[in-house]
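One-letter residues, chain by chain:
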Amino acid sequence: MDTTADQLRPVGLDPVGSDQHAENQRLRANGPATLVELPGGVVVWAITHHDTLQELLADPRVAKNAKHWNLYREGRLPEGWPLMTFITVPGMTTSDGADHRRLRGLVSQALTPRRIAALAPAIEQRVARLLDGVAALDGDFDLRTHFALPLPMQVIGELLGLAEEQADLLHELSNTLVSSSATPGAGATAALNLGGLLARVAAAKRAEPADDLTTALIAAREEQDRLSEEELIGILMQLVVAGHETTLNLICNAVRALLAHPDQLALVLNGEVGWSAVVEETLRYDGPVGQFPMRYALEDIRVGDVLIRRGEAMLASYAAAGRDDRHYADADRFDLTRTGNRHLSLGHGPHFCIGSSLARLEAETALRELFTRFPGLRLADGADPKPIASFVSNSVSTLMVRTS
């Protein structure tokens, strides 16, 4: 007989992600689907094995709209639950079926390969300017603050047509939205403020259209009458958050991995492997997303020896799947010569990351130019990077380094 949630004692998931990889190792040992407890006593399943996660990400019996979650539908989530807005904001990441295809199609029409390719020279110029600023710094400095954060924030800002002076506020608000340790109600307040800011941006673009993604989405809404105002703001919100948080974490994680593995850094500096290999192996070995909320069972689903019942929720445990030794040989080793690296860090199935090519372009350009300019880059003496206080994000809050 299959084991169900009411027969198991959930594992408490660290809300601040103090050591995600050690925690993931313990979760994987419990099987492909492990019952975990989130802040507020919310119990869900964590899907930690690569092959199982890949199957469920493409399984039509698994949904993304929170209306399918028993706890949400029945009003049993704690008031002010930190991740409430994250799982309910209207848009691509919280829709299914025809609605999801409609929204994704509209964004795809605006986020074209040609538009992304056209950003390459601007990305290189922004990287060069940021590295000029880094070169002017004396002694130890925080690479996250001075390089890894402003690059994707500036790129997504340019893509959406946002003012550069809004960057710090946008990051602060989006960081709160993905926090699993925020104070009750903080996520809702951040969403309200971010939504208000983006509504004002949209109004300005209606008055004065420009060559940016926001204007293109507005045109899709007004000319085709297929995108509501609520959906427009929700999509913009998701693009702001996903468009810089994941790339920021990816750059930081790649630098950390290279500095911790000088033999692997030597391979890429000597031209034996390319920078794309650094990006892909970092996505597997130390991906930017830890536990991604939330997916919901539309019917009972057997996973291993457990039964995930209809209406129960699942976390996509991307960081855990990336080090699953059932799928990857020597999974805990950072290896730039690894072949067949089919990681899941950018998703799989209908919800595969729509901005994956942009994230890869930014990260590869940033890493190549950073280490070309500063081949002697190293961690600052005594540096002890602290993790971001969230199990959703997987990275560090600071990355103190020096250039020589």
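Residues numbered from 1 in each chain as written. Predicted model: local features only at pLDDT ≥ 70, side-chain atom pairs only at ≥ 80, totals over all residues. Heavy atoms only, no water.

Chemist: Hey, could you run me through the sheet that holds strand β2 (residues 33–38) in this one?
Modeler: In sheet architecture, strand pairing relies on hydrogen bonds along the backbone and comes in two forms, parallel and antiparallel. Strand order in the open sheet formed by six strands is β1-β2-β3-β9-β6-β4, and the pairing between neighbours is mixed. Two strands in the sheet have a free side with no partner beyond their single neighbour: β1 (11–12) and β4 (62–63). Bridge count between β2 and strand β3 (residues 42–47): six bridges; the pairing is antiparallel. Bridge pairing in β3 links Leu35 to Trp45. Those strands touched by helix α1 (residues 20–29) are β1, β2 and β6 (291–297), and its axis lies near 30° from that of β6. Of the strands in this sheet, β3, β4, β6 and β9 (313–317) are in contact with helix α2 (residues 50–57), which crosses β9 at around 125°. (Pairing = 2+ DSSP bridges. Helix = DSSP H or I, 4+ residues; strand = E, 2+ residues; numbered from the N terminus. Contact = heavy atoms within 4.5 Å. Axes fitted to C-alpha atoms, helices over the stretch in contact; angles between N-to-C directions.)

Chemist: Just checking my understanding: could you explain the pairing of β2 for this structure?
Modeler: Within a regular beta strand, the side chains point alternately toward one face of the sheet and then the other, so they alternate between its two faces. Among the six residues that make up β2, five are buried, leaving the element largely enclosed by the rest of the structure. Inspection of the sheet shows β1 paired to β2 by two bridges, in the parallel sense. Of the residues in β2, the one forming a bridge with Gly12 is Glu37. For the segment spanning β1, α1 and β2, crossover handedness is right-handed. Linkage of β2 to β3, two consecutive antiparallel strands, is achieved through a turn of three residues, within which Gly40 is found at a positive phi near 80°. (Buried < 20%, exposed > 50% of the residue type's maximum accessible area, 1.4 Å probe, protein only. Right-handed = clockwise from strand over helix to strand, strands pointing away.)

Chemist: Could you clarify how one ought to interpret the pattern of salt bridges in this entry?
Modeler: Side chains that carry opposite charge are capable of pairing whenever their charged atoms lie near each other. Inspection of every chain in the model, using the stated rule, returns 24 salt bridges. Of the charged contacts in the structure, one is a salt bridge between Arg102 and Asp99, with a shortest N-O distance of 3.5 Å. Of this pair, Arg102 and Asp99 both sit in helix α5 (residues 97–110), three residues apart, which is roughly one turn of the helix. Taking the relative accessible area as the measure of exposure, Asp99 reaches 44% and is therefore partly exposed. Where Arg378 meets Asp381, a salt bridge forms, and the shortest distance between an N and an O atom there is 3.1 Å. Take Arg378: its relative accessible area is 32%, and that puts it in the partly exposed class. Several salt bridges share partner residues, and in doing so they unite Asp99, Arg102 and Glu231 into one network. (Salt bridge = Lys/Arg side-chain N within 4 Å of Asp/Glu carboxyl O.)

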